[in-house]
Amino acid sequence: MTIRVLIVDDQAMVRAGFAALLGAQSDIDVVGDAANGREALDVSGRTHPDVVLMDVRMPEMDGLEAARHLLDPPPGVVHRPRVLMLTTFDVDDYVYEALRAGASGFLLKDAPPADLINAVRIVAAGDALLAPSVTRRLIADFAKNRPTPRRDPRLQLNGLTPRETEVLELIARGLSNQEIAAHLVLAEQTVKTHIGRILAKLNLRDRAQAVVLAYESGLVQPGT
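### Here we look at the overall build of the chain
Secondary structure assignment for the chain yields 10 helices and 5 strands. Here the chain has roughly 10,800 Å² of accessible surface; of this, 52% comes from carbon and sulfur atoms.

### Remarks on the nonpolar core
Among the nonpolar cores identified, the biggest contains 23 residues, and V167, L168, I180 and L202 are the most heavily contacted of them. At the level of elements, helix 7 (162-172), helix 8 (177-184), helix 9 (188-201) and helix 10 (207-216) are the ones that each hand at least two residues to this core. Sequence-distant contacts of V167, that is, excluding residues within four places in its chain, are made with I180, L184, H194, I195 and I198. The next biggest cluster of nonpolar side chains, apart from the first, holds 20 residues, and it includes V43, V56, L64 and M85.

### Focus: the pairing of strand 4 (residues 82-87)
Among the 6 residues in strand 4, 6 count as buried, and that is most of the element. The alternating pattern of strand 4 places R82, L84 and L86 and V83, M85 and T87 on opposite faces, both of which are buried. Pairing of strand 3 (residues 51-55) with strand 4, which is carried by 5 bridges, proceeds in the parallel orientation. The residue bridging V52 from the neighbouring strand is V83, located in strand 4. For the crossover that starts at strand 3, traverses helix 3 (residues 63-71) and ends in the parallel strand 4, the hand is right-handed. As paired elements, strand 4 and strand 5 (residues 106-108) share 3 bridges and run parallel to each other. By the bridge assignment, M85 is partnered in strand 5 with F106.

### Quick look at the pattern of salt bridges
Applying the stated criterion across every chain yields a total of 8 salt bridges. A salt bridge links E166 to R163; the nearest nitrogen and oxygen atoms lie 3.0 Å apart. With a gap of 3 residues between them, E166 and R163 both fall in helix 7, about one helical turn apart. Look at R163 and you get partly exposed, because its relative accessible area is 31%. In this structure, E169 engages R173 in a salt bridge whose closest nitrogen and oxygen atoms are separated by 3.1 Å. Take E169: its relative accessible area is 25%, and that puts it in the partly exposed class. Judged by its relative accessible area of 27%, R173 is partly exposed.

### Quick notes on the sheet that holds strand 1 (residues 3-8)
Taken together, 5 strands build an open sheet; the order of strands is 2-1-3-4-5 and the sheet is parallel. For this open sheet the edge positions go to strand 2 (28-34) and strand 5, each flanked by a neighbour on one side alone. Averaged over all neighbouring strand pairs, the angle between strand axes comes to 25°, with direction disregarded. Where strand 1 meets strand 2, 6 bridges bridge the pair, whose relative direction is parallel. Directly across from V8, in strand 2, lies its bridge partner A34.

### Topic: the packing of helix 1 (residues 12-23) against helix 5 (residues 113-124)
It is at 10 Å that the axes of helix 1 and helix 5 come closest, and there the two elements cross at 70°. With respect to helix 5, the element helix 1 is oriented roughly perpendicular. Together, F18, L21 and L22 of helix 1 and P113, L116, I117 and V120 of helix 5 make up the contact between the two elements. Here the residues of the contact of helix 1 with helix 5 are counted per class, giving 7 nonpolar, no polar and no charged.

About the cut-offs
All residue numbers here refer to positions counted from 1 along the written sequence of the relevant chain. The model is predicted, so local features are restricted to residues of pLDDT at least 70 and side-chain atom pairs to those at 80 or more, both for listing and for counting; the totals for chains, interfaces and linings are taken over all residues. Water and hydrogen atoms play no part in the side-chain values, which are based on all heavy atoms of the structure. Labels follow the DSSP assignment, with helices taken as runs of H or I lasting at least four residues and strands as runs of E lasting at least two, numbered in each case from the N terminus. We get accessible surface area from the Shrake-Rupley algorithm with a probe of 1.4 Å; when it comes to residues, only the shown protein chains can shield them. We define the nonpolar core as a collection of buried residues of types Ala, Val, Leu, Ile, Met, Phe, Trp, Tyr and Cys that are connected through side-chain atoms lying within 4.5 Å of one another. Each residue is assigned to one of three classes by its accessible area relative to the maximum for its type, calculated with a 1.4 Å probe on protein chains only: buried under 20%, partly exposed between the two thresholds, exposed over 50%. What makes two residues a contact is simply this: any of their non-hydrogen atoms within 4.5 Å. The rule for pairing is simple: two strands pair if DSSP sees at least two bridges between them. The handedness of a crossover follows from its direction of travel: if, with the strands pointing away from the viewer, the path from the first strand over the helix to the second runs clockwise, the crossover is right-handed. For salt bridges, the criterion is a side-chain nitrogen of Lys or Arg within 4 Å of an Asp or Glu carboxyl oxygen. Angles here are taken between N-to-C directions and fall from 0 to 180 degrees, while the axes themselves are lines fitted to C-alpha atoms, restricted in helices to the stretch in contact. Should an angle lie under 35 degrees it is considered roughly parallel, over 145 roughly antiparallel, and from 65 to 115 roughly perpendicular; all remaining angles are considered oblique. The nonpolar class holds Ala, Val, Leu, Ile, Met, Phe, Trp, Tyr, Cys and Pro. Asp, Glu, Lys and Arg form the charged class, and all remaining residues, Gly among them, are polar.

Interpretation in functional terms is not warranted from these geometric data alone.
Next up, the structure:
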């Protein structure tokens, strides 16, 4: 199946470079581009992309606001693409907020071409692009600026089994599936099954949202 991609960046050269790279792949079709978030909403509504590569900082409407609109559309709008944030910084406060809004992860603009191509495929498949090392840096930054997690009673974790709670905690601490499997002495496929159940029970889209929820619910304390 061909992956439909929309590229959103205020720099024309960046858009053209990404389009040339992704368009050369047999399984990827670049269906449009936009120079800011407002344009992105219009183009997305017309082209229905599977994945939106969204720059964080743009004029008129930034990537964060655009992502919120795309991922929480008004009533009657059925299409909801996956959003992959693009940033020049490895940890950016806007990116954290985008993950809270439902973005599937983020990628550095200067990442190798192969990483960009792989990222689009990963996100299109429904997985989150949040590498363990990036998760650790993101949480470290979060801890500096938000020392007290919000304890929202709507963030129900008591529906999880003890094992699922343990897996969620390890995800939030930045461990990969393989590392979780080794830590808990489980098969990696079993870990994947637990993660799938966690996402379903908590009504989460992907691993990125699971990390955010673990910290905001107070299950994991920054710095511990």
